[in-house]
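Letter by letter, the chains look like this.
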Amino acid sequence: MTADPSPEQSPLYIACAGVGVAVFFLGPVLALLSDVDPLIAASIGYFGIMLFTGGIAARYSFAVGRTPLHQLARNMLVALAVTAMFYIIFLLLYLL
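One structure accompanies this document, and this report is about it.

Calculation rules
Residues numbered from 1 in each chain as written. Predicted model: local features only at pLDDT ≥ 70, side-chain atom pairs only at ≥ 80, totals over all residues. Heavy atoms only, no water. Helix = DSSP H or I, 4+ residues; strand = E, 2+ residues; numbered from the N terminus. Areas by Shrake-Rupley, 256 points an atom, 1.4 Å probe, with all protein chains shown as cover. Core = buried A, V, L, I, M, F, W, Y, C linked by side-chain atoms within 4.5 Å. Buried < 20%, exposed > 50% of the residue type's maximum accessible area, 1.4 Å probe, protein only. Contact = heavy atoms within 4.5 Å. Phe/Tyr/Trp six-rings, centres within 6.5 Å; stacked < 30°, edge-to-face > 60°.

Here's the deal with the overall build of the protein
Moving on, step 1. Looking only at helices and strands, the protein features three helices and zero strands.
Moving on, step 2. Seen in sequence order, the protein has helices and strands lined up from the N terminus as α-α-α.
Moving on, step 3. Dimensions of the protein, computed from the C-alpha atoms along their principal axes, are close to 45 × 25 × 15 Å.
Moving on, step 4. Total accessible area computed for the protein in this model is approximately 6000 Å², and 78% of it derives from carbon and sulfur atoms.

Printed below as a string of structure tokens:
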């Protein structure tokens, strides 16, 4: 697969990134307005970051897969690993 995905693959990745942006910005705000614990609100924000980075990484073929969904899943695993490192740092700072 090349670095420029075929037209039928790109909307899937862009939709994933778009949902990630919406979750990142709206999720914590709505959670805090609903009197949810700030840790849960921050966790929702980190989940949005993971969705966004996974969608963008899949769009630009960071981890290549056989099918569009397989490629998205592989890139989501990479995004999960990277986001988890920053989330752990956040938890250490938050809980100390």
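After presenting the structure, the write-up continues.
Comments concerning the nonpolar core
Moving on, step 1. In this structure, Tyr13, Cys16, Met50, Leu51, Ala58, Leu72, Met76 and Ala79 together form the largest nonpolar core, which totals eight residues.
Moving on, step 2. When residues of this core are traced back to their parent elements, those giving at least two are helix H1 (10-33), helix H2 (38-59) and helix H3 (68-95).
Moving on, step 3. Setting aside residues no more than four positions away along its own chain, Cys16 makes contact with Leu51, Gly55, Leu72 and Met76.

Description of the packing of aromatic side chains
Moving on, step 1. Counted by the stated rule, this structure contains five aromatic pairs.
Moving on, step 2. Their ring planes at 70° and their centres at 5.2 Å tell us that Tyr46 and Tyr87 sit as a pair that is edge-to-face. Here Tyr46 is found in helix H2, whereas its partner Tyr87 is found in helix H3, with 41 residues between them in sequence.
Moving on, step 3. A ring pair is formed by Tyr46 and Phe90, whose centres lie 5.5 Å apart and whose planes are at 40°; its orientation type is tilted.

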